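In case you want the letters, here they are:
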Amino acid sequence: MSKTLICSCEDVTAEDIRHAVSRGYSDVESVKRFTGFGTGICQGKGCLSAVAALLCKEKAQKPASLLPFTPRPPLYPTELSVLASMKVDESKPPVGGVPEELAVFPPTLRPEGPLPAKAKVVIIGGGIMGLALAYNLSLRGETDVVVLERGYLCAGASGRNGGGVRMQWGTSANIELAKRSIELMGRFARDMGINVWLRQGGYLFMARTKAVAERLERNVALHNKHGVPTRLLTVDEAREIVPGLSLAGARAASYNPEDGVIFPWPFLWGYANGCRKAGIKVETFTNVTGFETSDGLVRKVKTDRGDIACDTVVLASGAWSPEIAKMVGVKLPNEPHRHEILSTEPLKPFLSPLVSVLDSGLYFSQSMRGEIVGGMGDAKEPAGLNMGSTLRFVSRFSQALLEQMPDLGHVKVLRQWAGCYDVTPDNNPVLGRTPGLENLLQMSGFVGHGFMMAPAVAERMAGWMTTGESDELFTRFNLRRFQEGKLEREDMIIG
Amino acid sequence: MRRLPDAAARGKSITLDLEGETVPAVEGEPVACSLIATGESVLARSIKYHRARGPYCFSGACSHCLMRVDGVPNVYTCRTPARAGMKLERQNAYPSAKVDVFEAIDWFFPNGLDHHEMFAGVPVAEQVMAKVARQLAGLGLLPASPAPERMPVQTLRTRVALVGGGAAGLAAARVLASQGVSFLLFEREGFLGGRLAAGAPEPDAPKALDASALPSGSVRTRATVIGLYDDEAGRFLAVVADGPEGLRLLKVYAERFLLTPGGHPPMLPFENNDLPGVYAGRAASLLMRRYGVAPEVAALVGWGPELYALARLMEEHGTKVAAVVDLKGPVPSGAPAGATQGGEPKAHGRNEVSGFSYTNASGKRVKVDCDAVLVAVATSPSFELARQGGAKVEFDEAREVFAVVADADGRTEAKDLYVAGDVTGGRSAAEAAADGKRAAEALVGSLTGGQS
């Protein structure tokens, strides 16, 4: 069959690029995500310029708006065994990271039309939280809403995470939210008309120290109380679920077959499409520059495309939330922390669940496309909006992964990248009204698991906002708790 | 493709095991080169549509030649030297790459498939599709065995780290050597010279330089730079060096980085541009000049001086040139006879190229028989390391490529980072060499504390 290939690694045709443009995705980063071009073994070496030339010819973009998608190391596929050969001094914090992210996207990428002069609700942040909230508001009849996003859809943590979704948590609140979210994810394609490829292959947690093993055992009991079918595994059972898994040093393992992995990007597109169909404006490449307040209320949100007068403002900017809050004089306890992640060459299916070592935060799973996707937190990571990649991470990760899966040494890493967790002192979110600015609503602080919580949190928040009925979620996780000292810590954080 | 009849023996004759069949090869030659020289043009099936694939770029910049080699999946056979008894398997095909039942997917979706919307929300169908998609996805099976223990990482320090030993890199190395500035040059290939050694010869190109002309120990070949990182000790290149002891990771700290990596052979979008037998122009010249492997009859398509230089190289060595189609034109004076301006190129053939067609200046379709289509266009600058190092990259509308922004002396937005040659946009080898020389001189001038 005659075809014109533009990215032959991923079998993306020139027609696919035109299709993406027709769906509203015309900046290079979005076209890459929508079509998959440049995500294969060669990482765009052969196709990137050709795609840009096509976007230019089709007048989908002006030349000045054409930027290459961020080139991620390694430049050529590199074996895990080679990367693992570097010793890392874990007692010192990581320094550096490449490449530097763009501080500001080129102004030529901004939408040309004006922003509405006023709106009932302005949501700052077009990640999964903001878009899911806007969509849920529309379901309840509120469509006078504007969503502001500084980059393309998927530019922040919502587009950078590993796609894990799980019900195995350490607090009742999170277990219940996750349960509801996964239920909503299961019918997302039906509701939104876009596939998100939820694959419920389970989460397999391992614990190595006595204290962590006891915590895991305690949490399993809590999961069962909430109807989550988590069970403790014997070594043999764990090996049966993941052939080739080393359990040397493992003291306990737990498994919930209903946890799984999803493909993050289409969630954002699905919610954004849903919003737009309802008449909600989703404004990409638009920066918030300040606020106008009076009498304890936010009156206007200022942007680099004009001001919007509004009744309610929702801060849903993830790791950028403290920066934005500062513009209006609010100090959030949140801190951004880089978390690095990588993806390997695609292989035929061999790994069903997401596997995680709770002690180190190592996690890895196999995506629908066949890549091993995984990360591992770094206890020494300093606070800051750093989204660069380090050799330190790929080395640490490769060592940790090969310790669990010794047969994968020849598997090659294709790219590494990073995103920022939005970390709070008790690992729980910041929700509800802001003391002193009653119409500024908080929706941040999800510590790396916002993606999987968003459908349920947004549903509850839209209900709370539109009905005025009280909901304990927005009192429990209110900013006040940090002054009042009523903290309930979530202890199942990984990555 | 065939071996040129008068080609001198370039290595020991050996055999490889291709899915149980014994095929001849030349020791040390890229596996993919030996395979196409024996007429094995289909090396794999593509990831989604299961289209036949054979090597295209011979540069590690596509994925057409990936095979399972000695139990390791997704190995670039264009970059793997042949060794006697090597076990080769084609991937992503059932029952075989020559007759693959999943090719039906290609026919079933003539206009492509939108995996975002296909069966979205359709009860049962979406579940079935998810299961089928998971089984069909991925390329290659798990490695058959664990990797060997790797040598511990080696840390090197030098004043100047040079990436790429082509025209620009060698000219720069010569300046650094003559001024007594210590440097390390990393070249991904097993030989120096880049297009000076493997491209279509350009009339005014400088001579390639032998490593022996440079200070001993300053040149590392088969050394692939995988990143320009930084850490508490400063900026460094991460390099994977392939030596007798296996693969070894190097960390190379330097005061200055001079990036002359050239460019990647790009895909040119036209119908059936992925058909086995379609080769990048630079691949064709490499095969001809270094390994004595060439098409019987070739159709050339592209633009710029490389198109005509390649046509001359092919004709000189006995390849019949069936067409030279310049997609931009006009055809310059002195071009080989028969060269013409045209458009809408298309490769023809079932599982490999058997013909080529295009629309000529008067709007007529012209078709020629050939066993190879050679795509000679400017390379796509390899800007990745420069961008990682903080240099600016812009789209050059006229050349249709992303290129690193630098001043005439190769200075970039990053103080310690210089660039020269094709990485700033496609130019001739002579110009690239002049760039390299100038950048090295500017770089030396920026060094503090004298030369050492």
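Small disclaimer: the values here were computed from a predicted structure and weren't measured.

Cut-offs used in this document
- Numbering of residues starts from 1 in every chain and runs along the sequence as written.
- Think of it this way: whatever chain is written first is A, whatever ligand is written first is 1, and the rest follow in order.
- Note on the predicted model: pLDDT of at least 70 is required for a residue's local features to be given, and 80 or more for side-chain atom pairs to be given and counted; whole-chain, interface and lining totals, by contrast, use all residues.
- Values shown for side chains rest on all heavy atoms present in the structure; no hydrogens or waters enter the calculation.
- Elements are defined by DSSP. Helices are runs of H or I of four residues or more, strands are runs of E of two residues or more, and each kind is numbered from the N terminus.
- We compute the radius of gyration over the C-alpha atoms and compare it with the globule rule, which gives 2.2 Å times the number of residues raised to the power 0.38.
- Only protein chains enter the accessibility calculation, which uses a 1.4 Å probe; a residue whose area is less than 20% of its type maximum is buried, one above 50% is exposed, and one in between is partly exposed.
- The criterion used for residue contact is that any of the two residues' heavy atoms lie within 4.5 Å.
- In short, Shrake-Rupley with a 1.4 Å probe defines the accessible areas, and a residue's cover is counted only from the protein chains shown.
- A residue counts as positive if it is Lys or Arg and as negative if it is Asp or Glu; His and the chain ends are not included.
- The atom standing in for a charge is NZ when the residue is Lys, CZ when it is Arg, CG when it is Asp and CD when it is Glu.
- By buried area we mean the combined loss of accessible area, with a 1.4 Å probe, across both parts when two parts are placed together.
- Definition used for salt bridges: Asp or Glu carboxyl oxygen within 4 Å of a side-chain nitrogen of Lys or Arg.
- Polar contacts here mean pairs of N or O atoms no more than 3.5 Å apart (in protein, one a potential hydrogen donor and the other a potential acceptor; neighbouring residues in sequence count only if both atoms are side-chain atoms).
- For two strands to be treated as a pair, DSSP must find at least two bridges joining them.
- Under the pairing criterion, centres of Phe, Tyr and Trp rings, with the six-membered ring standing for Trp, must be within 6.5 Å; the plane angle then separates stacked pairs below 30 degrees from edge-to-face pairs above 60, leaving the rest tilted.
- Should the NZ of a Lys or the CZ of an Arg lie within 6 Å of a ring centre and within 35 degrees of the ring normal, that charge is described as sitting over the ring.
- UniProt positions are given in the numbering used here, feature names are shortened, and annotations may be inferred rather than shown by experiment.
- Working convention: axes come from line fits to C-alpha atoms, limited for helices to the stretch in contact. Angles between N-to-C directions cover 0 to 180 degrees.
- Take the far helix as the reference: if the near one is turned anticlockwise from it by less than a right angle, the crossing is left-handed, and if turned clockwise, right-handed.
- Amino acids outside the nonpolar list (Ala, Val, Leu, Ile, Met, Phe, Trp, Tyr, Cys, Pro) and the charged list (Asp, Glu, Lys, Arg) are all regarded as polar, and Gly is one of them.
- We define a nonpolar core as any set of buried Ala, Val, Leu, Ile, Met, Phe, Trp, Tyr and Cys residues linked to one another through side-chain atoms lying within 4.5 Å.
- Domain ranges listed in this record stem from an automatic or a database domain assignment.

1. Focus on the overall build of chain B
Right, on to step 1. Of the regular secondary structure elements, chain B holds nine helices and 27 strands.
Right, on to step 2. For 452 residues, the compact-globule estimate of 2.2 N^0.38 gives 22 Å, and chain B sits close to it at 23 Å.
Right, on to step 3. The 452 residues of chain B split such that 58% are buried.
Right, on to step 4. Long-range pairs, those at least 24 residues apart, make up 61% of the contacts in chain B with a sequence separation of at least 6.
Right, on to step 5. In the structure as shown, chain B presents an accessible area of about 17400 Å², 53% of it carried by carbon and sulfur atoms.
Right, on to step 6. Side chains of chain B carry 48 positive and 51 negative charges; the gap between the two charge centres is 2 Å.

2. Brief notes about the side chain of A:Ser26
Right, on to step 1. Mapped onto the elements, A:Ser26 comes out in the loop between helix 1 (14-22) and helix 2 (28-35).
Right, on to step 2. Other than its neighbours up to four places away in sequence, A:Ser26 contacts A:Val21, A:Val31, A:Leu55, A:Ala60 and A:Gln61.

3. Section: the interface of chain B and chain A
Right, on to step 1. Each partner contributes to the interface: chain B provides 92 residues, whereas chain A provides 85 residues.
Right, on to step 2. Of all residues in chain B, B:His116, B:Arg134 and B:Tyr229 bury the most surface against chain A, accounting for 11% of the area lost on that side.
Right, on to step 3. For the pair chain B and chain A, the interface holds five salt bridges.
Right, on to step 4. Notably, a salt bridge pairs A:Lys57 with B:Glu400, separated by 3.8 Å at the nearest N-O pair.
Right, on to step 5. Counting across the interface, chain B meets chain A through 42 residue pairs in polar contact (both at pLDDT 80 or more).

4. Looking at the pairing of strand 16 (residues 354-357) of chain A
All names here are of chain A.
Right, on to step 1. Residue alternation in strand 16 divides its side chains into two sets, Leu354 and Ser356 and Val355 and Val357, and both sets are buried.
Right, on to step 2. Here strand 7 (residues 203-207) pairs with strand 16 via four bridges, running parallel. The residue of strand 16 that forms the bridge with tyrosine 203 is leucine 354.
Right, on to step 3. Sheet topology note: the strand 16/strand 17 (residues 362-366) ladder contains three bridges and is antiparallel.

5. Observations regarding the packing of aromatic side chains
Residues and elements named next belong to chain A.
Right, on to step 1. Following the criterion strictly, the structure yields 20 aromatic pairs over all chains and no others.
Right, on to step 2. Ring geometry for tyrosine 25 against tryptophan 269: centres 5.5 Å apart, planes inclined by 55°, an arrangement best described as tilted. Placement of tyrosine 25 in the loop between helix 1 and helix 2 and of tryptophan 269 in helix 10 (residues 264-277) is noted, with a sequence separation of 244 residues between them.
Right, on to step 3. Residue tryptophan 269 is classed as buried on the basis of its relative accessible area, which comes to 1%.
Right, on to step 4. An aromatic cluster is defined as three or more aromatic residues linked by ring pairs; in this entry it consists of Tyr135, Phe188, Phe267, Tyr271 and Phe451.
Right, on to step 5. Just above the ring of tryptophan 265 sits the side chain of arginine 33; from NZ or CZ to the centre is 5.3 Å.

6. Quick word on the UniProt feature "domain: FAD/NAD(P)-binding" (unreviewed entry) in chain B
Right, on to step 1. As recorded in UniProt, the feature "domain: FAD/NAD(P)-binding" (unreviewed entry) lies at residues 359-434 of chain B.
Right, on to step 2. What you have in residues 359-434 of chain B is 14% helix and 33% strand, and the ends, taken at the C-alpha atoms, are 38 Å apart.

7. Overview of the packing of helix 4 (residues 167-178) of chain B against helix 9 (residues 429-446) of chain B
Residues and elements named next belong to chain B.
Right, on to step 1. One way to put it is that helix 4 packs onto helix 9 with a least axis distance of 7 Å and a crossing angle of 35°. Both helix 4 and helix 9 take part in a crossing whose hand is right-handed. When helix 4 is examined against helix 9, the residues Ala167, Ala168, Ala171, Ala172, Val175 and Leu176 are found in contact with a partner set consisting of Ala429, Ala432, Ala433, Gly436, Lys437, Ala440, Glu441, Leu443 and Val444.
Right, on to step 2. When grouped by side-chain class, the residues that make up the contact of helix 4 with helix 9 number twelve nonpolar, one polar and two charged.

8. Considering the sheet that holds strand 22 (residues 365-369) of chain B
Residue and element names in this part refer to chain B.
Right, on to step 1. Strand order in the open sheet formed by seven strands is 16-23-18-19-20-21-22, with mixed pairing between adjacent strands. Looking at strand neighbours, the two that pair on one side only are strand 16 (278-280) and strand 22, the edges of this open sheet. With direction set aside, neighbouring strand axes in the sheet form an average angle of 35°.
Right, on to step 2. As paired elements, strand 20 (residues 339-348) and strand 21 (residues 355-360) share five bridges and run antiparallel to each other. Pairing of glycine 342 across the sheet is with asparagine 360, part of strand 21.
Right, on to step 3. Each of strand 16 and strand 23 (372-376) touches helix 6 (residues 281-291); the most contacted strand, strand 16, lies at about 85° to it.
Right, on to step 4. Taken strand by strand, helix 7 (residues 305-316) contacts strand 18 (297-302), strand 19 (320-326), strand 20 and strand 23, and its axis lies near 175° from that of strand 19.

9. Side note on the nonpolar core
Right, on to step 1. Counting 134 residues, the largest nonpolar core has A:Phe37, B:Phe58 and B:Leu237 as the members making the most contacts within it.
Right, on to step 2. In terms of residue count, the dominant contributor to this core is helix 3 (residues 48-57) of chain A (eight residues).
Right, on to step 3. Ignoring sequence-local partners within four residues, the contact set of B:Leu237 consists of B:Ala161, B:Val163, B:Phe186, B:Val225, B:Gly227, B:Leu228, B:Leu250, B:Lys251, B:Val252 and B:Phe257.

10. Describing the domain arrangement of chain B
For an interface, size is often stated in terms of accessible area lost upon the parts coming together.
All names here are of chain B.
Right, on to step 1. Domain annotation for chain B reports domain 1 (2-137), domain 2 (154-264 + 381-449) and domain 3 (278-376).
Right, on to step 2. In this structure, domain 1 and domain 3 have C-alpha centres spaced 24 Å apart.
Right, on to step 3. Both sides of the domain 1 and domain 3 interface together cover about 1700 Å² of buried area, and 53% of this is carbon and sulfur.
Right, on to step 4. Of all residues in domain 1, the largest losses of buried area upon contact with domain 3 belong to Arg2, Leu4 and Tyr56, amounting jointly to 38% of the total for that side.
Right, on to step 5. The interface formed by domain 1 and domain 3 holds one salt bridge in total.
Right, on to step 6. The partner of glutamate 103 in a salt bridge is arginine 350, with the nearest N and O atoms 2.9 Å apart.
Right, on to step 7. Our enumeration of links across domain 1 and domain 3 arrives at nine residue pairs in polar contact (both at pLDDT 80 or more).
Right, on to step 8. Those elements giving two or more residues to the side of domain 1 that touches domain 3 turn out to be strand 1 (2-3) and helix 1 (31-37).
Right, on to step 9. The greatest single-element share of the side of domain 1 that touches domain 3, amounting to three residues, is contributed by helix 1.
Right, on to step 10. Taken together, the residues of the side of domain 1 that touches domain 3 break down into twelve nonpolar, one polar and seven charged.

11. Some remarks on the UniProt feature "domain: SoxA A3" (unreviewed entry) in chain A
Right, on to step 1. If you check UniProt for "domain: SoxA A3" (unreviewed entry), the listed places come out as residues 3-84 of chain A in our numbering.
Right, on to step 2. Secondary structure over residues 3-84 of chain A splits into 38% helix and 9% strand, and the C-alpha atoms at its two ends are 41 Å apart.

12. Side note on helix 2 of chain A
Residue and element names in this part refer to chain A.
Right, on to step 1. Helix 2 sits mainly inside the fold: eight of its eight residues count as buried.
Right, on to step 2. Looking at the packing, one finds that the buried side of helix 2 touches strand 2 (12-13), helix 1, helix 3 and helix 10.
Right, on to step 3. With its phi angle positive at about 85°, glycine 36 sits one or two positions after the end of helix 2.

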